[in-house]
Amino acid sequence: MRFLIGGGSGFVGRELMCLLKNKGHEVTVISRQPGPGKITWDELELNGLPHCEGVINLAGENLMNPLRWQVWNEGYKKDLFSSRINTTKSLAQAIAGSPSPPCSWVLVTGVACYKPSLTAEYSEDSKWTPFDLLSKLVKEWEASALLQENMAKTTRQFIIRPGVVLGRDGGAMKQMLLPFWLGLGGTLGSGRQPFPWIHISDLAGIIAHALEHPGDVASSSPQVFNGVAPVLNTNYEFTKELGRIMRRPTILPVPGFFVKALMGSERAMVLTQGQKVIPKRTQESGYHYKYPDLTSALIEIVGD
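Residues numbered from 1 in each chain as written. Predicted model: local features only at pLDDT ≥ 70, side-chain atom pairs only at ≥ 80, totals over all residues. Heavy atoms only, no water.

J.: How would you explain the pairing of strand S5 (residues 104-108) if you had to name every residue and give the values?
T.: In terms of residue burial, S5 counts as a mostly covered element, since 5 of its 5 residues are buried. Alternating residues of S5 divide into Ser104, Val106 and Val108 and Trp105 and Leu107, and every residue in both groups is buried. Both strand S4 (residues 54-57) and S5 contribute to a ladder of 4 bridges, which runs parallel. Directly across from glycine 54, in S5, lies its bridge partner serine 104. Where S5 and strand S7 (residues 156-162) come together, 5 bridges link them in parallel fashion. Within S7, the position partnered with valine 106 by the bridge is phenylalanine 158. (Buried < 20%, exposed > 50% of the residue type's maximum accessible area, 1.4 Å probe, protein only. Helix = DSSP H or I, 4+ residues; strand = E, 2+ residues; numbered from the N terminus. Pairing = 2+ DSSP bridges.)

Below is the structure:
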């Protein structure tokens, strides 16, 4: 089968592309720059969707871009919205205009739609309404992916909402490792906040699972999978387990006010607050996790 990935050159995209190719599939990346195995976004708009069995969108400005930590301004916020919504609209329109539309259309968004809470638990069936900037982003982002009802008969729609993606070569771990190696790792804020996470291999696995097993029931509404591990952990538990496996102390908590000053209050919420997210439908779909618990995930990433 052939799959088309928007944002395929990023952290998750590289992992997904490797997994799909190892499974014997052909992968084409949509990129801003031309190259082997790629088409550009301009070519997509000009020529339409190439023949493929599935389309995935992972494109978007990195929320935690370390080069822009202190640039939390209206221009950056506009980039967060436009880089996600415009690419998603382009792909949805290309699918709708294709004479042979794909079987599957997968959008990867995030758990920021769920309101932070120390007690509430969220499954894919939980109702939610936007309450801040990032939840508004998820709302508009997911809405931009919707296909017309007649298209849903041929193209199954999926939305995957990952938590913090943990992996060896990028994402949150890449920024955490140096402070931890130096013995400067610590809890963020109170440490009591839920920490929804997923190993990058499992996020790629869930996406591939949706592509390869789209199901038989047509629906005008997307099928939502929470892309999180099937365990509930706090930031404190994550911090202590990472320190234990790395054999480094974790005695220096990072005050919440410092994170807000560094990153801006809206973005700091991602780190200092959290949600208890349950992958109910993900597990019911038959997906089996490679790294279902924090210890196995962190050993794979930073263990000896």
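The structure having been displayed, the exposition proceeds.
J.: Which residues make up the pattern of salt bridges, and what values go with them?
T.: Enumeration according to the criterion identifies 9 salt bridges in this entry. Of the charged contacts, one joins arginine 2 and glutamate 26 as a salt bridge, the two residues approaching to 3.9 Å between their closest N and O atoms. Of the two residues, arginine 2 is situated in strand S1 (residues 2-6) and glutamate 26 in strand S2 (residues 26-31); the sequence distance between them amounts to 24 residues. You can call glutamate 26 partly exposed: its relative accessible area is 47%. A salt bridge links glutamate 284 to lysine 280; its shortest N-O distance comes to 3.1 Å. Here lysine 280 and glutamate 284 lie together in helix H10 (residues 280-284), a separation of 4 residues that amounts to about one turn. The class for glutamate 284 is exposed, based on a relative accessible area of 57%. Bridged by salt links that share partners, the residues Asp125, Lys280, Arg281 and Glu284 form one connected network. (Salt bridge = Lys/Arg side-chain N within 4 Å of Asp/Glu carboxyl O.)

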